[in-house]
Amino acid sequence: MAQQREQASDDAMMSRIGQAVMLHHGGDREEAQGRFLGLWAEIGEDGDPLHRCTLAHYMADTQDDPSDELAWDLRALSAADSLTQERLAEHEASLALKAFYPSLHLNLAADYVKLDRPGPARSHLTRARAAEGALGEDGYGDGIRAALTRLEERVATMGAGPREPDEGNGRGDGGRPGGEPLGPPRTGS
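The following paragraphs examine the structure supplied in this document. (Residues numbered from 1 in each chain as written. Predicted model: local features only at pLDDT ≥ 70, side-chain atom pairs only at ≥ 80, totals over all residues. Heavy atoms only, no water.)

**Some points on the overall build of the protein chain**
When its secondary structure is counted, the protein chain shows eight helices and zero strands. Of all 189 residues assigned to the protein chain, the portion counted as buried reaches 46%. Sequence separation of 24 or more characterises 68% of the internal contacts of the protein chain that already satisfy a separation of 6 or more. (Helix = DSSP H or I, 4+ residues; strand = E, 2+ residues; numbered from the N terminus. Buried < 20%, exposed > 50% of the residue type's maximum accessible area, 1.4 Å probe, protein only. Contact = heavy atoms within 4.5 Å.)

**What to know about helix 6 (residues 101–114)**
Helix length check: helix 6, at 14 residues, gives a terminal C-alpha distance of 20 Å against a target of 20 Å (1.5 Å per residue), a fit within 8%. In terms of burial, helix 6 is largely enclosed, as twelve of its 14 residues are buried. Listing the buried residues of helix 6 in full gives Y101, P102, S103, L104, H105, L106, N107, L108, A109, D111, Y112 and V113. For helix 6, the elements touching its buried residues are helix 3 (49–59), helix 4 (66–82), helix 7 (118–131) and helix 8 (139–156). Immediately beyond the C-terminal end of helix 6, within one or two residues, lies D116, with a positive phi of roughly 55 degrees. (Expected span 1.5 Å × (residues − 1).)

**Here we look at the packing of helix 7 against helix 8**
The N-to-C vectors of helix 7 and helix 8 enclose an angle of 150 degrees; their axes lie 11 Å apart at closest approach. With respect to their mutual orientation, helix 7 and helix 8 come out roughly antiparallel. As for how helix 7 packs across helix 8, the hand of that crossing is left-handed. Across the interface between the two elements, P118, A121, R122, L125, A128 and R129 from helix 7 touch R145, L148, T149, L151, E152 and V155 from helix 8. Among the residues forming the contact of helix 7 with helix 8, the class breakdown is seven nonpolar, one polar and four charged. (Axes fitted to C-alpha atoms, helices over the stretch in contact; angles between N-to-C directions. Parallel < 35°, antiparallel > 145°, perpendicular 65-115°, else oblique. Left-handed = near helix turned anticlockwise from the far one by under 90°. Nonpolar A, V, L, I, M, F, W, Y, C, P; charged D, E, K, R; others polar.)

**Notes on the side chain of D111**
As for its position among the elements, D111 is in helix 6. Despite its burial, D111 pairs with no opposite charge; the closest candidate is K114, at 4.6 Å N-O. When near neighbours in sequence (up to four residues on either side) are disregarded, D111 contacts E69, L70 and D73. (Lys, Arg positive; Asp, Glu negative; His and termini not counted. Salt bridge = Lys/Arg side-chain N within 4 Å of Asp/Glu carboxyl O.)

**Some points on helix 2 (residues 29–43)**
Between its terminal C-alpha atoms helix 2 stretches 21 Å, which fits the 21 Å expected from 15 residues at 1.5 Å a residue. Burial in helix 2 covers these residues: A32, F36, L39, W40 and I43. Relative to the axis of helix 2, the buried residues are bounded by an arc of 105 degrees and lie together on one face. Along helix 2, exposed side chains directed more than 90 degrees from the buried face belong to E30 and A41. In the stretch just after helix 2, G44 is the one whose phi turns positive, near 85 degrees. (Arc of directions from axis to C-beta.)

**Describing unusual backbone geometry**
Positioned with a positive phi, D116 is a non-glycine residue whose angle comes to about 55 degrees. Structurally, D116 can be placed in the loop between helix 6 and helix 7. Overall, the relative accessible area of 57% leaves D116 in the exposed class.

**Details of the environment of I43**
Within the secondary structure layout, I43 lies in helix 2. Accessibility expressed as a relative area gives 12% for I43, which makes it buried. Linking I43 and M13, residues 30 residues apart in sequence, is a C-alpha distance of 8.8 Å. Residue contacts for I43: discarding those within four places in its chain leaves M13, I17, D48, H51, R52 and L55.

As structure tokens, this is what we get:
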């Protein structure tokens, strides 16, 4: 009974995040951002990794400043790294945690391109490509692969620039234990 209440509570938070996503997709970016911030305060920095990952992933889209977008995308990646397949299956049995990572790394690469930091952009593109095998042969997977190709072409035209350390924990692995990549889908990626 307690587990059913916990799952219902989890579903309620995911529903609330989904409602804010719908607001954003409907064009009400400011309202969506306000709701995301309120939900983030409820979830907390150490809250459920699924909630943090999902919310941060979409919150990044509402940012005007590329540095803020990067910060939210890094939060999403960090949360994905602490998420387990078992926890994800509690929410949706058909989702595969490893399928999150191509999108998460694609978004981080795009953030670094906006910040004119080709080194970290290339690093995240490499990680996205390494994880793309988890994508399905469907519209979503095709969209991520096409976005990766477009961004790779754009990065290829950027100056080589100095080698920059990757964001994260200073280990150069984006803060992931073992350096393994993964992340949630974000439409428009």
